[in-house]
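Structural overview for review
Listed below are the residues making up each chain.
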Amino acid sequence: MEIKDNELLRQFETTTESGLVSIEYSLQERKIFLTKFCENENSDEEMHQEFIKNVLAMVEERNLKVVPTHLKLIKFFRKNRKYQEMLPPGIKI
């Protein structure tokens, strides 16, 4: 899965057969706020999970802390406890 960091639109994106899937973000100091998950016409939940995991791997390489604000991303963090360490101190999900 090829993920592009579109810095102009501030979103991570990938193209699938059913269209564009993206996660919008906002950078502040050493934190990245994941603000919106745009799935468009794509409803493949397994692909969504893989996309989120790949985006978090990219964020981890940059040594950024993650603050998820979109409900789908919050649910992902609750379901996958191993990503809890990427949250900044004081944030519990």
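Residues numbered from 1 in each chain as written. Predicted model: local features only at pLDDT ≥ 70, side-chain atom pairs only at ≥ 80, totals over all residues. Heavy atoms only, no water.

As a further point, take the overall build of the chain. What the chain contains, in helices and strands, is two helices and five strands. Since a compact globule built from 93 residues should have a radius of gyration of about 12 Å, the 13 Å found for the chain is in line with a globular shape. Principal-axis analysis of the C-alpha atoms gives the chain an extent of 40 × 30 × 20 Å. The burial tally for the chain puts 44% of its 93 residues in the buried class. If you take every contact in the chain between residues at least 6 apart in sequence, the share linking residues at least 24 apart comes to 43%. A total accessible area of about 5900 Å² is found for the chain, and carbon and sulfur atoms account for 46% of it. Each charge sign in the chain was given a centre, from 15 positive and 16 negative side chains, and these centres are 9 Å apart. (Helix = DSSP H or I, 4+ residues; strand = E, 2+ residues; numbered from the N terminus. Rg over C-alpha atoms; globule rule 2.2 N^0.38 Å. Buried < 20%, exposed > 50% of the residue type's maximum accessible area, 1.4 Å probe, protein only. Contact = heavy atoms within 4.5 Å. Areas by Shrake-Rupley, 256 points an atom, 1.4 Å probe, with all protein chains shown as cover. Lys, Arg positive; Asp, Glu negative; His and termini not counted. Charge placed at Lys NZ, Arg CZ, Asp CG, Glu CD.)

Let us look at the pairing of strand β2 (residues 11-16). Among the six residues of β2, five are classified as buried, and the element is accordingly described as predominantly covered. Between strand β1 (residues 4-6) and β2, which pair antiparallel and follow one another directly, the connecting turn spans four residues, one of which, Arg10, has a positive phi of 55 degrees. Sheet topology places β2 next to strand β3 (residues 19-28); six bridges connect them, and they run antiparallel. Of the residues in β3, the one forming a bridge with Thr14 is Val21. Counted along the chain from β2 to the antiparallel partner β3, the turn is two residues long. (Pairing = 2+ DSSP bridges.)

A sheet is described by the order of its strands in space; here five strands give the open sequence β1-β2-β3-β4-β5, paired in mixed fashion. Edge strands, defined here as strands with exactly one partner in the open sheet, are β1 and β5 (65-68). With direction set aside, neighbouring strand axes in the sheet form an average angle of 30 degrees. Note that β3 and strand β4 (residues 31-38) share seven bridges and pair antiparallel. By the bridge assignment, Tyr25 is partnered in β4 with Leu34. Contacting β3, β4 and β5, helix α2 (residues 71-79) runs over the sheet at an angle of about 120 degrees to β5. (Axes fitted to C-alpha atoms, helices over the stretch in contact; angles between N-to-C directions.)

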